[in-house]
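Residue strings, one per chain:
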Amino acid sequence: MAEIIIVNTEDEAAELYGRTVADLIQNKPNAVLGLATGSSPLLAYEHLADIIKNEHIDVSNVQGFALDEYLGLPLEHEQSYHSTIRRTVTEPLGLNPQYVHAPGDVLNGAPLSNGDLIAKAGPDYDDAIDKAGGIDVQILGIGTDGHVGFNEPGSSLSSGTRVKTLTEQTRIDNMRFFDNDLNQVPTHCITQGIGTIMRARHVILLAFGANKAQAVADAVEGGISSFCPASALQMHKHATVIVDRDAASKLQLADYYRWVYANKPDWQKL
């Protein structure tokens with residue numbers, strides 16, 4: 001089972017992530033980070049950027065790999081994940097842009113009809129992660145239906161990076177990034193698969209708010225099933241799930257998780 005940490009505020013969760021990754025980079029200057037978009041990781045990236053600046057941590061050799069990308073959006077589109085990662089991670093952390101990658105980089109808005117190019121992009125992305133040495137820390141959010149990355153319910157738990165069709169609920173959830181216009185939200189994406197995510201050495205999942213409570217409960221206390229793709233993390237060798245009180249409100253063992261974390265040995269890191 002993953003380690004479950006229940007915090008009082010999103011800021012507290014962000015500090016845990018920031019400290020963990022900063023320590024990793026100090027010990028391994030060529031660390032490879034798995035990067036997610038969405039609202040959950042934003043404050044975590046801000047904390048990490050502050051620590052890097054205040055402690056003068058060298059990030060010149062750090063690499064980053066984004067979880068996913070919309071299909072059909074040019075790289076410079078404001079809502080492409082290539083652009084989003086640049087704004088929220090690469091520039092604030094001071095990473096070398098040449099070392100930060102997204103699965104749609106080679107596609108650059110290619111239409112879905114360009115099947116040969118798109119089909120090759122997924123396996124090539126997984127190969128690039130492997131050649132970089134594998135992801136050291138992968139940050140994740142979780143969708144209201146239990147998806148991680150763009151692995152929607154029903155996704156194979158052994159899947160690699162590939163093209164997926166977004167559910168209507170995920171498109172509705174992401175409308176806020178597209179002027180609340182569902183017609184602007186792409187229908188297809190390319191995403192790291194559950195199998196790819198599970199190869200990361202450490203996975204940190206963040207979830208905040210009551211609307212994530214059922215997904216969190218299904219992911220950490222429910223059965224392992226493709227109907228809740230995040231539930232695969234129960235089998236990960238080093239997964240950490242950090243949630244606020246609202247997101248933890250449906251956890252049956254919440255008191256136990258609090259007890260375990262409160263009595264965690266000082267030498268035991270996240």
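Residues numbered from 1 in each chain as written. Predicted model: local features only at pLDDT ≥ 70, side-chain atom pairs only at ≥ 80, totals over all residues. Heavy atoms only, no water.

Which residues make up the pattern of salt bridges, and what values do they have?
Applying the stated criterion to the full structure yields 10 salt bridges. Across the pair Arg 19 and Asp 23 runs a salt bridge whose closest N-O atoms are separated by 2.9 Å. Highlighted residues: Arg 19 and Asp 23, both in helix H1 (residues 10-27), separated by 4 residues, approximately one helical turn. What makes Asp 23 partly exposed here is its relative accessible area of 26%. A salt bridge links Glu 168 to Arg 171, with the nearest nitrogen and oxygen atoms 3.2 Å apart. Within this pair, Glu 168 and its partner Arg 171 are both found in helix H5 (residues 168-173), separated by 3 residues, close to a single helical turn. (Salt bridge = Lys/Arg side-chain N within 4 Å of Asp/Glu carboxyl O. Helix = DSSP H or I, 4+ residues; strand = E, 2+ residues; numbered from the N terminus. Buried < 20%, exposed > 50% of the residue type's maximum accessible area, 1.4 Å probe, protein only.)

Quick one: what's the story with the packing of aromatic side chains, residue by residue and with numbers?
Tallied over the full model, the rule gives 7 aromatic pairs. Judged by centre distance (6.3 Å) and plane angle (75°), the rings of Tyr 17 and Tyr 45 are edge-to-face. Separated by 28 residues along the polypeptide, Tyr 17 in helix H1 and Tyr 45 in helix H2 (residues 42-54) bring together distant segments of the chain. In terms of burial, Tyr 17 and Tyr 45 fall into one category: buried. (Phe/Tyr/Trp six-rings, centres within 6.5 Å; stacked < 30°, edge-to-face > 60°.)

Which residues make up the environment of Ser 40, and what values do they have?
One can find Ser 40 in the loop between strand S2 (32-35) and H2. With 167 residues separating them in the primary sequence, Ser 40 and Ala 207 have C-alpha atoms 6.5 Å apart.

Can you break down the packing of H1 against H2 residue by residue, with the values?
In the contact formed by H1 and H2, the axes pass within 8 Å of each other and the chain directions differ by 50°. One way to sum up the angle between H1 and H2 is to call them oblique. Both H1 and H2 take part in a crossing whose hand is right-handed. Contacts between H1 and H2 involve Glu 10, Asp 11, Ala 14, Glu 15, Tyr 17, Gly 18, Arg 19, Val 21 and Ala 22 from the first element and Leu 43, Ala 44, Tyr 45, His 47, Leu 48 and Ile 51 from the second. By residue class, the composition of the contact of H1 with H2 is 9 nonpolar, 2 polar and 4 charged. (Axes fitted to C-alpha atoms, helices over the stretch in contact; angles between N-to-C directions. Parallel < 35°, antiparallel > 145°, perpendicular 65-115°, else oblique. Left-handed = near helix turned anticlockwise from the far one by under 90°. Contact = heavy atoms within 4.5 Å. Nonpolar A, V, L, I, M, F, W, Y, C, P; charged D, E, K, R; others polar.)

If you had to explain the sheet that holds strand S6 (residues 137-140) to someone new, which residues and values would you point to?
With respect to topology, 7 strands assemble into an open sheet ordered S1-S10-S9-S6-S2-S3-S5, the strand pairing being parallel. Strands with a single pairing partner mark the edges of an open sheet, and in this sheet they are strand S1 (3-7) and strand S5 (100-101). Strand direction decides the pairing type here: S2 and S6, joined by 2 bridges, are parallel. Directly across from Leu 33, in S6, lies its bridge partner Val 137. (Pairing = 2+ DSSP bridges.)

Tell me about the sheet that holds strand S7 (residues 162-165), residues and numbers included.
Strand order across the open sheet formed by 3 strands is S4-S8-S7, with antiparallel pairing between neighbours. Across the chains shown, the open sheet's two edge strands, defined by having one partner strand only, are strand S4 (68-70) and S7. Strand-to-strand twist across the sheet, computed as the mean angle between neighbouring axes with direction ignored, equals 30°. Pairing between S4 and strand S8 (residues 188-191): 3 bridges, direction antiparallel. Note that in S8 the partner of Tyr 70 across the bridge is Cys 189.

If you had to explain the side chain of Ser 159 to someone new, which residues and values would you point to?
The topology assignment puts Ser 159 in the loop between S6 and S7. Residue classification places Ser 159 among the buried residues on the basis of a relative accessible area of 8%. Here Arg 162 takes part through its side chain, which lies 3.3 Å from a polar atom of the side chain of Ser 159. (Polar contact = N/O pair within 3.5 Å; in protein donor to acceptor, adjacent residues only side chain to side chain.)

Give a description of the pairing of S8 that names residues and reports values.
As judged from the 4 bridges shared by S7 and S8, these two strands associate in the antiparallel manner. Bridging across to S8, Arg 162 finds its partner in Thr 191.

Any details on the environment of Gly 38? Residues and values, ideally.
Mapped onto the secondary structure, Gly 38 falls in the loop between S2 and H2. Considering only alpha carbons, one finds Gly 38 and Ser 231, 193 residues apart in sequence, at a separation of 20 Å.

Mind laying out the nonpolar core, listing which residues take part and the relevant values?
Within the largest apolar cluster, 72 residues are counted, with the highest numbers of intra-cluster contacts made by Tyr 17, Ile 242 and Leu 251. It is H1 that provides the largest number of residues to this core, a total of 8 residues. If sequence neighbours within four positions are ignored, Leu 251 has contacts with Ile 4, Val 216, Ala 217, Val 220, Glu 221 and Tyr 257. (Core = buried A, V, L, I, M, F, W, Y, C linked by side-chain atoms within 4.5 Å.)

I'd love a proper account of the packing of H2 against helix H3 (residues 81-93), names of residues and values included.
Taken N-terminus to C-terminus, the directions of H2 and H3 make an angle of 10°; their axes are 9 Å apart at the nearest point. Accordingly, the angle class assigned to the pair H2 and H3 is roughly parallel. Residues Leu 42, Tyr 45, Leu 48, Ala 49 and Ile 52 of H2 form the contact with H3, whose own contacting residues are Thr 88, Val 89, Pro 92 and Leu 93. Tallied by class, residues from the contact of H2 with H3 come to 8 nonpolar, 1 polar and no charged.

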